[in-house]
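Architecture at a glance
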Amino acid sequence: MWNQFFLLEEYTGSDYQYVGKLHSDQDKGDGSLKYILSGDGAGDLFIINENTGDIQATKRLDREEKPVYILRAQAINRKTGKPVEPESEFIIKIHDINDNEPMFTKDVYNASVPEMSDVGTFVVQVTATDADDPTYGNSAKVVYSILQGQPYFSVESETGIIKTALLNMDRENREQYQVVIQAKDMGGQMGGLSGTTTVNITLTDVNDNPPRFPQSTYQFKTPESALPDSPIGKIKANDADVGENAKIEYSITEGDGSDIFGIITDKDTQEGIITVKKALDFEKKRLYTLKVEATNTHVEPRFLYLGPFKDSATVRILVEDVDEPPVFSRPAYIIEVKEDAQINSVIGTVSAQDPDGAKNPVKYSVDRHTDMDRVFNINSGNGSIFTSKPLDRETVLWHNITIIAAEINNPKQSSRVPVFIKVLDVNDNAPEFAMFYETFVCENAKAEQLIQTLSAVDKDDSFGGHQFSFSLAPEAASSSNFTLQDNRDNTAGIFTRKNRYSRHEMGMYLLPVVISDNDYPIQSSTETVTIRVCACDHRGKMLSCNAEALIHPTGLSTGALIAILLCIIILLVTVVLFAALRRQRKKEPLIISKEDIRDNIVSYNDEGGGEEDTQAFDIGTLRNPEAIEDNKLRRDIVPETLFMPRRTAAVRDNTDVRDFINQRLKENDIDPTAPPYDSLATYAYEGNGSVAESLSSLESVTTDGDQDYDYLSDWGPRFKKLADMYGAVDSDKDS
């Protein structure tokens, strides 16, 4: 009876390792039976002697690779090949030896623990495993120990838990620790195998250090012109902690400048920035002393026994003097002046002083951009404002000007102040009609009949309301055909004084009305009401008036019509005079002085009398420029000496001029853009040359032999010089 064999692992002998022997009861020892092995490793790892049944292992076996092998054995008849017994199964179990050292799950462990922790505070747990069989002996029993890291840390031998072993370890003194842990099998006994691992332990920060200023007193300087919120200096308290535990909040706890200065915390640099909260004045206060406190924002209560987590320092701030512009006594001025104020009368005064210790003198001026009309001026020395032009409340009620105060020694230092000048009303405007009144009265009107209601307006202001009185002018009060009734409500009515009016006797009445106000001084004006006498029907509806029908009350008046007629007459007279002057234009003589014997440029600008004027110029000359009649003399001047012009041989009629003129005439007749009235068309044609031929001295050189210049002597004194020059040339040739 058998079911398993045992075999040691890692056999180091030179022969095959014997495992065991199989034997059947049917085996008589005569070699008739044959043993066969099958299963795990049969024929490779394990072989069997088919005659004896001995089993052997051919290789070294490792339990950690395969601890158990299952095989099957059978005995068969060698001759027939039939089994003599049923197949039997058995196992080969590999016995363990201590051939594996403990292995940690990590080569390097990283852990952290807060600084100042108590002894025995858990840090981290390390774990090592042994591949040997834990059920066979102590090969897999592991024990932990610390090789490096004492006396700061310790490890539990059975669990591998690392704990703190030293009290009050301070991160600020040392932050990193390296601990080496050993794991050994065989229960730590001699001969056991071991493995090691490294544990890097970091002390994390806690707020166990208060902030500290490196110095107890700080001093800064700032000009008095520093603007609000501008920085003037930085201070910083040092904190040995890091991160959240090193955050600091700065504050001003006391001092004579706590309301003048402020401090803010820079979150990035943990600095306290001192800033200006209010305007500084060197002349009022030159030195400020502050007490600044730095406090941790995050405090752990268990470390409060170490002391308050804050520190304080003294800050002294010196204010430096700068040249400041003058300062007005008020931010703005309001001045009231009556509109009847005399020119150059003082209406108010502004005042400004140099706030600096030097007290430089100040001069005043008006910003002319705010007073373009130069209505006001100012005394540059004392700041008194006076008028330079008359005021009129009805035109401008408020004058808003700006006064400039500048230091005399340094005009760049200047300041401005607005001055609002209100013009007060005085009764300087007389009341007048609210509109132009032109009414009518019917010829058949009855006495005491209302024909028009009058109202008035006044440009002046009246806080209690205007009160106007109406009356007829003294010259019309007794002789007027109308009466005026004051209604005592700023209106008045015009009534008829008699029955019936006649257009033939008087077609229009001009009624003068005096309007007065009740203010002081009393102002009054005389307005005129135009009343026309018109024909009306029985219901009083106007039909027509004597001179013209009163169609619309806003029609043109007689004066306007007369002015229009005068303008038309003046325009007509101007046109007639202009036309007459054109017809009688004065002709200027060609030669102004007989004593002037120089050559003159003569202009022939006579347009002639038209086509019927046959005495002015002969058009035939244009057709044949070389033809000239002997009896045609110049009509614009009277020559002093008559002479006979040198005759030239006649040439045939030149028709190109005629063709040229006809062509231009045809072009102008059929031109669609030509104006539909008489216009000047220029038919410019130079022709074949002048009848006098060329007067050039250059050309004359070639023709001197054919020329006779004696006739130049007959042309009078003006050509004497020319006759002498050419006459002398002929004499030289003859000689």
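Residues numbered from 1 in each chain as written. Predicted model: local features only at pLDDT ≥ 70, side-chain atom pairs only at ≥ 80, totals over all residues. Heavy atoms only, no water.

**Focus: the overall build of the chain**
Basically, it comes down to this: Numbering goes from the N terminus for both helices and strands, where a helix is a DSSP run of H or I of at least four residues and a strand is a run of E of at least two. By definition in these notes, contact holds between two residues if any of their heavy atoms fall within 4.5 Å. Accessible surface area values rest on a Shrake-Rupley calculation with a 1.4 Å probe, where residue burial reflects the displayed protein chains alone.
From N to C terminus, the chain includes six helices and 41 strands. The contacts of the chain with a sequence gap of at least 6 include a subset with a gap of at least 24, amounting to 66%. Surface summary for the chain: the accessible area is close to 46,900 Å², and the carbon and sulfur share equals 52%.

**Notes on the sheet that holds strand β18 (residues 231-235)**
Spelled out, the test is: A pair of strands is treated as paired once DSSP finds two or more bridges between them. Where helices are involved, their axes are fitted lines through C-alpha atoms of the stretch in contact, as for all axes, and angles between N-to-C directions lie from 0 to 180°.
Reading across the sheet, the three strands line up as β18-β21-β20 and stay open at both edges, with antiparallel pairing between neighbours. Looking along the sheet, the strands with just one partner apiece sit at the ends: β18 and β20 (261-266). Direction aside, the axes of adjacent strands within the sheet are offset by 25° on average. Relative to strand β21 (residues 271-276), β18 is paired through four bridges, and the arrangement is antiparallel.

**Considerations on the UniProt feature "transmembrane region" (unreviewed entry) in the chain**
Where we set the bar: UniProt positions are given in the numbering used here, feature names are shortened, and annotations may be inferred rather than shown by experiment.
The sites that carry the UniProt feature "transmembrane region" (unreviewed entry) are, in the present numbering, residues 560-581. When the span residues 560-581 is considered, its composition is 100% helix and 0% strand, and the gap between its end C-alpha atoms is 32 Å.

**Quick look at the sheet that holds strand β22 (residues 287-296)**
Strand pairing in a sheet relies on backbone hydrogen bonds. The paired strands run either parallel or antiparallel. Taken together, four strands build an open sheet; the order of strands is β17-β23-β22-β19 and the sheet is mixed. Edge strands, defined here as strands with exactly one partner in the open sheet, are β17 (217-223) and β19 (248-255). The sheet shows a mean angle of 30° between the axes of neighbouring strands, direction not considered. Alignment of β17 against strand β23 (residues 310-320), held across seven bridges, turns out to be parallel. When the sheet's bridge partners are listed, F220 is paired in β23 with I317.

**Focus on the environment of G507**
Let me state the cut-off plainly: Burial status follows relative accessibility: with a 1.4 Å probe on protein chains alone, a residue under 20% of its type maximum counts as buried, one over 50% as exposed, and anything between as partly exposed.
Mapped onto the elements, G507 comes out in the loop between β38 (491-496) and β39 (508-516). Owing to a relative accessible area of 9%, G507 belongs among the buried residues under this scheme. When the C-alpha positions of G507 and E443 are compared, they lie 9.9 Å apart, and in sequence the two are 64 residues distant.

**Quick word on the pairing of strand β9 (residues 108-114)**
Burial of the side chains of β9 is restricted to one face: Y109, A111 and V113 are buried, whereas none of V108, N110, S112 and P114 on the reverse face is. The pairing of β9 with strand β16 (residues 194-204) spans seven bridges and is classified as parallel. Each residue of the ladder has a partner; that of V113, found in β16, is L203.

**Focus on the pairing of strand β41 (residues 542-545)**
In terms of strand pairing, strand β40 (residues 524-536) meets β41 through three bridges, oriented antiparallel. Bridge pairing in β41 links C536 to M542. Between the antiparallel neighbours β40 and β41 lie five residues, among them G540 with a positive phi of about 85°.

**A short note on the packing of aromatic side chains**
Note the following rule: Aromatic contacts are taken between Phe, Tyr and Trp rings whose centres are within 6.5 Å, Trp giving its six-membered ring; a plane angle under 30 degrees counts as stacked, one over 60 as edge-to-face, and the others as tilted. Either the NZ atom of lysine or the CZ atom of arginine qualifies as a charge over a ring when it sits within 6 Å of the ring centre and within 35 degrees of the ring normal.
The tally for this structure, following the rule as stated, stands at 13 aromatic pairs. Centre to centre, the rings of Y501 and Y509 are 6.1 Å apart; their planes meet at 75°, and the pair counts as edge-to-face. Take Y501 and Y509: they sit in the same class, and that class is buried. The ring of Y69 has K66 lying over it, and the distance from NZ or CZ to the ring centre is 5.5 Å. Sitting over the ring of Y152, R174 keeps its end group 5.4 Å from the ring centre.

**Describing unusual backbone geometry**
Residue P151 is bonded to the preceding Q150 through a cis peptide linkage, with omega at 5°. Examined against the element boundaries, P151 turns out to sit in the loop between β12 (143-148) and β13 (153-155). At R374, a position not held by glycine, the phi torsion is positive, near 55°. Checked against the element boundaries, R374 lands in the loop between β28 (362-366) and β29 (376-378). One non-glycine residue, R488, adopts positive backbone phi at about 60°. Along the chain, the position of R488 falls in the loop between β37 (482-486) and β38.

**Focus: the side chain of D185**
Quick reminder of the rule: His residues and chain termini do not enter the charge count, which takes Lys and Arg as positive and Asp and Glu as negative. Salt bridges, as used here, are contacts in which a Lys or Arg side-chain nitrogen is within 4 Å of a carboxyl oxygen on Asp or Glu. The term polar contact refers here to a pair of N or O atoms within 3.5 Å; inside protein, the definition further demands a hydrogen-donor-capable atom paired with an acceptor-capable atom, and it admits residues adjacent in sequence only when both atoms are side-chain atoms.
Mapped onto the elements, D185 comes out in the loop between β15 (176-184) and β16. Buried D185, no salt bridge; nearest opposite-charge side chain is K184, N-O distance 7.3 Å. Within the local environment of D185, its side chain forms a polar contact with the backbone nitrogen of L193, the two atoms lying 2.4 Å apart. Beyond its immediate sequence surroundings of up to four residues, D185 is in contact with N98, N100, E101, P102, D130, D132, N138, S139, K141, V142, G192 and L193.

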